Structure formats: structure tokens, C-alpha cells
Amino acid sequence: MTTAPAAAPTFAKGLVGVVAAQTGLSSVDGANGILTYRGLNIHDLAARVLYEEVVYLLFYGKLPQKQQLAKLTAELAANRKLPKAVLDHIKAAPRKATPMDVLRTAVSMLAYYDKETEDISVEATQRKALRLVAQFPTVIAAIHRARQGKDPIAPRPKLNHAANFMYMLHGKVASKLENDAMNLYLVLLADHSLNASTFTSRVASSTNADLHAAITAALGALKGNLHGGAAEATMNMLLEIGKVDKVDAFVENAFETKRKIMGIGHRIYKTGDPRARHLLEWAAKMEHDAGKGQRYVDMALSVERAVLRQKELYPNVDFFSAPMLYYLGVPTALDTCIFAASRIAGWSAHVLEQYNDSVLIRPGAEYIGSKSEVFVPLDERG
């Protein structure tokens, strides 16, 4: 019996509908607006757990007991400091350099100083991952300070992850409200299935590239405004609009001119991003705390309503995180870096998963060029 040839794979632009990996880390139900981390609904985690607990959950498969959390917290605190050469790189970067570029290079440099860089065993990768989770806020805070012409602030080991991040950013211990808001943000963005940057990290690690290489690749993918850069673009849009009473005209003009309204719409979620409601709640708390002169949350809500009058599109995670980060004193240019400070946990967990899978990711491509060009020697090409 003759076996029929296998059918050619179907081209899917942007890999839409293609299942490229199996994961036990997070699930996204776009039709029903549900996000889970290892089966735990994001609504059950938001404002109820520390980011450190989510790191443990993603790395080790379950939420930690008190002793396990204490050990992980101590490990993170012990690994926050950066090598002098990395700090010198951050200080020497041009003041106008894009923070994501400085962060990407700093993470690549950290590979020089990690004694286990080339060891891709699960155990070594978990240890390196914890070090990177600890170091990311220190790198980002140092970038922020350098852009202001200020020296970096050394981490405080007795502060939790979010509180220490806020302290290093601003040089003072933040309020409980501010620290809780930062912690919420870090929890909500820790993982999100096979998004562009996570897929990039898995592609890199599928070649047996080390963790630092995979994370550097992920940072490159995160930089674009169709992914992590959307929060920065959203806040810049709100600043451009300026006043609530200018929203309707802005949105109408955007639809007429086909201008993309950043922070609205999602590739997966069709009924709304489940993280958005928590970010809205906390952005509103921050706005109330900031005083009557600030109305960016009101403006964002007005944009949401104006868009819905034109088309059924809902806010994504970046839309309300933008004003919340703004009220936390984060300049818009740093928004994508803050995203990375959260997502480093998910990226690392996916790299661990990919090492266990041990399969090179190598999709095909549909060639659409000419099939029969005639070769012409150089002297005859005119």
C-alpha cells in the first residue's frame, strides 16, 4: 500500500491559532476573560499575595508555605546587589538612551559574572532565575537614577520585593498604598501564556542557549509598542489629550485617521482583560491619593467609553497600568522596564519548562518568491 504524502502545513499569519508549546504555567481563556497561574484564578491572587509568592508558584508549582516563602524572600534579598561593572555601564549610558536598551545590555552583562551561566540544568537555572528576579529591580532603579543624574541607591534587605523596588527608585520608603500598588502590578503581569516575549525566550532556550541569553532575547521582543511598550504609549496618549473634555474629539479623530488607540484591544481577550479591573481599582486609589488636580483615570475611562461607542474594544492590561505607574512616580520611558521586572518570573519559568521539553523550536516557512530566476554572471549584469 502506498502511503499518501503528508499534507503541507497551513500558513497562519502571526501564528494565529497555532499551538506551539504545552505549558503548565498559565492559561488564558480569551473568550471568557479568564487568566490563571497554575490553575489559580488571577482574581484570587490579585491584592492577596506577594509577588514573591507568585515567583515560588511559577518556579516550584505551588504557593509556598510560610517557611518556604521566608527562605525564598531571603534568597532574593541576598542577590539584589549588582557587580560594579554593570553599575558602571548603567551610569555611563547616554542620558537619552532608551531604558530598555540599557536594561537589555545590563542583563547580557550579568551573564559575565554569574558563576553558573553555562549550566542549563534545572537546578542551576532555578538559582540563576532567582538571581535575575532579584537583580532586575536594582538594574531598573539604577537606570532611572542615572537618567536623573543621581547615584543608584543600594537595596534594603529587610524590605519586601515591591517595597525595595520603590525605595531604590525614589530614595525613600514609599507609603503602604504605593508599595501595595507596585506589588499588585508585579503579581498581575508575572506570566501570560505564550505572548511574544515569552515565545522568544522559549525559542532561544530551545537551542540550549543559557538563561541570560534567553532573557536578553525576550527583552528585545518586549520593547515593541505592540507588546510591553504599550503602557508607555498609553500614558503618552493620555498626556497628549490633556483634559477629559478633549477625549471625545481625540477618539473620533483617531478613528477617522486610523490612528491606533494604545491600551485598547487585545489579541486574545475579546470580552475584556481580567487584569484591567484590578489595575483600574488601584489606579483610582492612587489618583484619589494624589489629589483633585490629577484626572488621568477619569480620562482613561472616558477614552474607554468613547471607543466603545465606535467599536466593541476593551482595555488591556496596559491601559490602566499606565496611569497607576504614573502615580507611582514612574516616568513613561521606564514603563516597559517595570513590565520586565514582573515578567522575568514568567520568562524564567518558561525557560525551565522548555529545557525539560528539550525540543528545538524550528517552524517552517512558506516561500513566496520566484522559483526559476536565471543566473547572470557579474560582468553581464550591466
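Going by the structure above, here's the rest.
Residues numbered from 1 in each chain as written. Predicted model: local features only at pLDDT ≥ 70, side-chain atom pairs only at ≥ 80, totals over all residues. Heavy atoms only, no water.

Focus: the overall build of the protein
In step 1: Secondary structure assignment for the protein yields 16 helices and three strands.
In step 2: Taken against the 2.2 N^0.38 rule, which gives 21 Å for 382 residues, the C-alpha radius of gyration of the protein at 22 Å falls within 12% of a compact globule.
In step 3: Judged by the C-alpha coordinates and their principal axes, the protein covers about 75 × 55 × 55 Å.
In step 4: Taking all 382 residues of the protein together, the buried fraction comes to 49%.
In step 5: A sequence separation of at least 24 residues applies to 76% of the contacts in the protein between residues at least 6 apart.
In step 6: Counting only carbon and sulfur atoms, one obtains 52% of the accessible surface of the protein, whose full area is about 19100 Å².
In step 7: Counting 45 positive and 38 negative side-chain charges, the protein places the averaged centre of each group 5 Å from the other. (Helix = DSSP H or I, 4+ residues; strand = E, 2+ residues; numbered from the N terminus. Rg over C-alpha atoms; globule rule 2.2 N^0.38 Å. Buried < 20%, exposed > 50% of the residue type's maximum accessible area, 1.4 Å probe, protein only. Contact = heavy atoms within 4.5 Å. Areas by Shrake-Rupley, 256 points an atom, 1.4 Å probe, with all protein chains shown as cover. Lys, Arg positive; Asp, Glu negative; His and termini not counted. Charge placed at Lys NZ, Arg CZ, Asp CG, Glu CD.)

Some points on the nonpolar core
In step 1: Core analysis: the largest hydrophobic core is formed by 110 residues, its most contacted members being Leu103, Phe136 and Val303.
In step 2: Sorting elements by how many residues they give to this core places helix α6 (residues 122–147) first, with twelve residues.
In step 3: The contacts of Phe136, once residues within four sequence positions are left out, are Leu103, Val107, Ile215, Leu219, Ala340, Ala341, Ile344 and Trp347. (Core = buried A, V, L, I, M, F, W, Y, C linked by side-chain atoms within 4.5 Å.)

Considerations on the sheet that holds strand β2 (residues 34–37)
What holds strands together in a sheet is hydrogen bonding between their backbones, with the strands either parallel or antiparallel.
In step 1: In spatial order, the strands read β1-β2-β3; together these three strands make up an open sheet with antiparallel pairing. Of all strands in the sheet, those with a lone pairing partner are β1 (26–29) and β3 (40–41), marking the two edges.
In step 2: As paired strands, β1 and β2 are joined by four bridges and run antiparallel to one another. Bridge pairing in β2 links Ser26 to Tyr37. (Pairing = 2+ DSSP bridges.)

Considering the side chain of Ser197
In step 1: Looking at the element boundaries, Ser197 is found in helix α9 (residues 196–206).
In step 2: The exposure class assigned to Ser197 is buried, which follows from its relative accessible area of 0%.
In step 3: A polar contact is formed between the side chain of Ser197 and the side chain of Asn195, at a distance of 2.9 Å.
In step 4: A distance of 3.0 Å separates a polar atom in the side chain of Ser197 from a polar atom in the side chain of Trp347.
In step 5: Discounting chain neighbours no more than four positions away, the residues touching Ser197 are Ala218, Ala221, Leu222, His227 and Trp347. (Polar contact = N/O pair within 3.5 Å; in protein donor to acceptor, adjacent residues only side chain to side chain.)

Regarding the pattern of salt bridges
In step 1: One pass over the full model with this rule turns up 14 salt bridges.
In step 2: Across the pair Arg48 and Asp44 runs a salt bridge whose closest N-O atoms are separated by 4.0 Å.
In step 3: For Arg48, a relative accessible area of 61% corresponds to the exposed category.
In step 4: A salt bridge links Lys84 to Asp88, with the nearest nitrogen and oxygen atoms 2.8 Å apart. One end of the pair, Lys84, and the other, Asp88, are both in helix α4 (residues 84–92), four residues apart, so they sit about a helical turn from each other.
In step 5: Given a relative accessible area of 62%, Lys84 falls into the exposed group.
In step 6: Asp88 gets classed as partly exposed once you look at its relative accessible area, which sits at 32%.
In step 7: What emerges from the salt-bridge pattern is a single network uniting Asp114, Glu116, Arg127 and Arg131. (Salt bridge = Lys/Arg side-chain N within 4 Å of Asp/Glu carboxyl O.)

Thoughts on the packing of aromatic side chains
In step 1: Counted by the stated rule, this structure contains seven aromatic pairs.
In step 2: For the ring pair Tyr112 and Tyr113, a centre distance of 5.9 Å and an interplane angle of 65° mean the geometry is edge-to-face.
In step 3: Here the aromatic rings of Tyr326 and Tyr327 are separated by 6.3 Å at their centres, their planes lie at 70°, and the arrangement is edge-to-face.
In step 4: A residue is classified by how much of its surface remains accessible, and Tyr326, at 29% relative accessible area, is partly exposed.
In step 5: By relative accessible area, which is 11% here, Tyr327 ends up buried.
In step 6: Each residue in the set Tyr56, Phe59 and Tyr60 is aromatic and connected to the rest through ring pairs, giving one cluster.
In step 7: Between Arg156 and the ring centre of Tyr167, over which it is positioned, the NZ or CZ distance is 4.5 Å.
In step 8: Taking the ring centre of Trp282 as reference, the NZ or CZ of Lys285 above it sits at 3.8 Å. (Phe/Tyr/Trp six-rings, centres within 6.5 Å; stacked < 30°, edge-to-face > 60°. Lys NZ or Arg CZ within 6 Å of the ring centre and 35° of its normal.)

What to know about α6
In step 1: Helix length check: α6, at 26 residues, gives a terminal C-alpha distance of 37 Å against a target of 38 Å (1.5 Å per residue), a fit within 8%.
In step 2: At Gln135, α6 shows its maximal bend, which comes to roughly 30°, and the proline Pro137 appears one to four places after that position.
In step 3: With 22 of its 26 residues buried, α6 lies for the most part within the structure.
In step 4: Phi turns positive, to about 75°, at Gly149, one or two residues after α6. (Expected span 1.5 Å × (residues − 1). Bend = angle between axes of the 7 residues up to and from the residue.)

Remarks on the packing of helix α2 (residues 51–60) against helix α8 (residues 176–188)
In step 1: The N-to-C vectors of α2 and α8 enclose an angle of 15°; their axes lie 9 Å apart at closest approach. Compared by their axis directions, α2 and α8 come out roughly parallel. Read as a crossing pair, α2 and α8 show a hand that is left-handed. Contact residues: Tyr51, Glu52 and Val54 in α2; Asn183, Leu186 and Val187 in α8.
In step 2: By residue class, the composition of the contact of α2 with α8 is four nonpolar, one polar and one charged. (Axes fitted to C-alpha atoms, helices over the stretch in contact; angles between N-to-C directions. Parallel < 35°, antiparallel > 145°, perpendicular 65-115°, else oblique. Left-handed = near helix turned anticlockwise from the far one by under 90°. Nonpolar A, V, L, I, M, F, W, Y, C, P; charged D, E, K, R; others polar.)

Any link to function would need more than the numbers given here.
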